[in-house]
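Summary of structural features
Residues per chain are reported as follows:
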Amino acid sequence: MSQQTAIANVAAIAAKLPDFYTHNPDGWFINAEAQFSLANITAERTKFHYAVRALDPKTSEEIQHFLTQQCLSTDPAATPYSNLKKELVECHSQQRPEC
């Protein structure tokens, strides 16, 4: 088996995130980051997409403008996962009026 074939046969490990805990965002991010570590996921954008997928419709709607901004960003130095974490923790820890 050649080295290229061996590399092609490596299976990807996916993270399984629970639904977002609106009542405990810090706890949810601890869980999410453990899953990312187990799956060797380190890219900000990949973490962002996994986290967005775990949001319930109500939470997604509450921060839709923020999500759109993050998705449209073309800045290679962007940190969408870190930005999402900050947004959700602030929103659900303090229960901002719009959240």
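Residues numbered from 1 in each chain as written. Predicted model: local features only at pLDDT ≥ 70, side-chain atom pairs only at ≥ 80, totals over all residues. Heavy atoms only, no water.

What about the packing of aromatic side chains?
- Considering all chains together, one arrives at 6 aromatic pairs under this definition.
- Through successive ring pairs, a cluster of aromatic residues spans Phe-20, Trp-28, Phe-29, Phe-36, Tyr-50 and Tyr-81. (Phe/Tyr/Trp six-rings, centres within 6.5 Å; stacked < 30°, edge-to-face > 60°.)

Describing the nonpolar core
- Core analysis: the largest hydrophobic core is formed by 21 residues, its most contacted members being Trp-28, Phe-36 and Leu-84.
- Of all the secondary-structure elements, those providing two or more residues to this core are α2 (25-38), α3 (44-53), α5 (64-72) and α6 (80-93).
- Excluding anything up to four places from it in sequence, Trp-28 contacts Leu-17, Pro-18, Asp-19, Phe-20, Tyr-21, Ala-51 and Ala-54. (Core = buried A, V, L, I, M, F, W, Y, C linked by side-chain atoms within 4.5 Å. Buried < 20%, exposed > 50% of the residue type's maximum accessible area, 1.4 Å probe, protein only. Helix = DSSP H or I, 4+ residues; strand = E, 2+ residues; numbered from the N terminus. Contact = heavy atoms within 4.5 Å.)

Notes on α5
- Taken together, the buried positions of α5 are Phe-66, Leu-67 and Gln-70. Along α5, the residues classed as buried sweep out an arc of 100° about the axis, all on the same side. Set apart from the buried face of α5 by more than 90 degrees, the exposed residues are His-65 and Leu-72. (Arc of directions from axis to C-beta.)

So, unusual backbone geometry
- One non-glycine residue, Asn-40, lies in the positive phi region at around 55°.
- In this structure, Asn-40 sits in the loop between α2 and α3.

What to know about the pattern of salt bridges
- On inspection of all chains with the given rule, the structure shows 2 salt bridges.
- Salt-bridge contacts for Lys-85 lead to Glu-33; the nearest nitrogen and oxygen are separated by 3.0 Å. Linking Lys-85 in helix α6 with Glu-33 in helix α2, this pair joins segments that are 52 residues apart in sequence.
- Between Lys-58 and Glu-62 there is a salt bridge, with the nearest N and O atoms lying 2.7 Å from each other. Linking Lys-58 with Glu-62, this pair stays in helix α4 (residues 57-62), spanning 4 residues, or about one helical turn.
- When its relative accessible area of 55% is taken as the criterion, Lys-58 is described as exposed.
- The exposure class assigned to Glu-62 is partly exposed, which follows from its relative accessible area of 21%. (Salt bridge = Lys/Arg side-chain N within 4 Å of Asp/Glu carboxyl O.)

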